[in-house]
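Overview (structure and organization)
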Amino acid sequence: MTADEMKKAVAMAALDLVKPMLAADVVIGIGTGSTANHFIDALKPYANDFLGAVASSDASAQRLKANGVDVLELNSAGTLPVYVDGADEFDPRFNLIKGGGAALTREKIVAQASQQFICIVDGSKQVPVLGNFPLPVEVIPMARSLVARELVKLGGDPVYREGVITDNGNVILDVHNLSITDPKGLEAAINNLPGVVCNGLFALRGADVVLMGTPDGVQSLS
Ligand code: 5RP
């Protein structure tokens, strides 16, 4: 099985969990990335079975609309029953690193607004300790150098993601060489830096269920 086939398999497994929740007044949350894209595509035959979706990025919103799913604003949708999204890394406690696709801020908002977060990943994303994948931090452009110096003080090596502007008009610093043994503490510490909009640690609100694709099939971890 290729990584893409595993991503497709976990998207179908997520659909099996979400299908019983769908109803005429239900709005679901949907993430960003290649795995989330498989989930969006799998939703197509069910597009008329629920009210719509809140998307964590403009790219996902476009794909949802192309598949016949109405896209709603979070402000009018209220609390969502479920959020389905991928991740760049997950640890044994379902703390995540996200933001490889630069959508971390809206992803964190929609995850926070959801009662259940189903994380869909291929097996390469499983790690004992977060930090091998560089931690994305979304930063107000004028604060880029200031925040980079502060991230060095926290033990990381920030690298400016050249040529990327987020859906919110900000820039991304990818922080290398972190060994994240206190994900909640680091998430809060980075959030406290003036100029930081959001960081890609999802520990204060991690995943509730991880569906992991392996060559032997999908494992449901909870
Ligand atoms: C985007 C994300 C994605 O969920 C993460 O990058 C995983 O992407 P993929 O499913 O393509 O491996 O956080 O900001």
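The preceding data block contains the structure.
Below is a summary of the structure that appears in this document. (Residues numbered from 1 in each chain as written. Predicted model: local features only at pLDDT ≥ 70, side-chain atom pairs only at ≥ 80, totals over all residues. Heavy atoms only, no water.)

A few words on the packing of helix α1 (residues 3-18) against helix α2 (residues 34-43). Helix-helix packing: each pair is described by the crossing angle between the helix axes and the interaxial distance. Following both chains from N to C, one finds α1 and α2 inclined at 50 degrees, their axes separated by 8 Å at the closest point. With respect to α2, the axis of α1 lies oblique. α1 and α2 meet at a crossing whose hand is right-handed. Between α1, through Asp4, Lys7, Lys8, Val10, Ala11, Met12, Ala14, Leu15 and Val18, and α2, the contact on the second element is made entirely by Ser34, Thr35, His38, Phe39, Ala42 and Leu43. Class assignment of the residues belonging to the contact of α1 with α2 gives a composition of 9 nonpolar, 3 polar and 3 charged. (Axes fitted to C-alpha atoms, helices over the stretch in contact; angles between N-to-C directions. Helix = DSSP H or I, 4+ residues; strand = E, 2+ residues; numbered from the N terminus. Parallel < 35°, antiparallel > 145°, perpendicular 65-115°, else oblique. Left-handed = near helix turned anticlockwise from the far one by under 90°. Contact = heavy atoms within 4.5 Å. Nonpolar A, V, L, I, M, F, W, Y, C, P; charged D, E, K, R; others polar.)

This next bit is on the pattern of salt bridges. If you walk through the whole model with that rule in mind, you get 10 salt bridges. Note that Asp16 and Lys19 form a salt bridge whose closest N and O atoms lie 3.8 Å from each other. The partner of Glu107 in a salt bridge is Lys98, and the shortest N-O contact between them spans 3.2 Å. Lys98 shares its class with Glu107; the two are buried. When salt bridges with common partners are traced through the structure, they connect Asp85, Lys98 and Glu107 into a single cluster. (Salt bridge = Lys/Arg side-chain N within 4 Å of Asp/Glu carboxyl O. Buried < 20%, exposed > 50% of the residue type's maximum accessible area, 1.4 Å probe, protein only.)

Here we take up the site of the ligand. Near the ligand there are 17 residues, and of these Ser34, Thr35, Asp88, Gly99 and Lys125 occur at the shortest range. Ser34 places a polar side-chain atom, nitrogen or oxygen, 2.5 Å from an oxygen atom of the ligand. For the ligand, whose unbound accessible area comes to 380 Å², protein coverage reaches 91%. For the shell around the ligand, the residue count by class is 3 nonpolar, 8 polar and 6 charged. (Near = heavy atom within 4 Å. Polar contact = N/O pair within 3.5 Å; in protein donor to acceptor, adjacent residues only side chain to side chain. Areas by Shrake-Rupley, 256 points an atom, 1.4 Å probe, with all protein chains shown as cover.)

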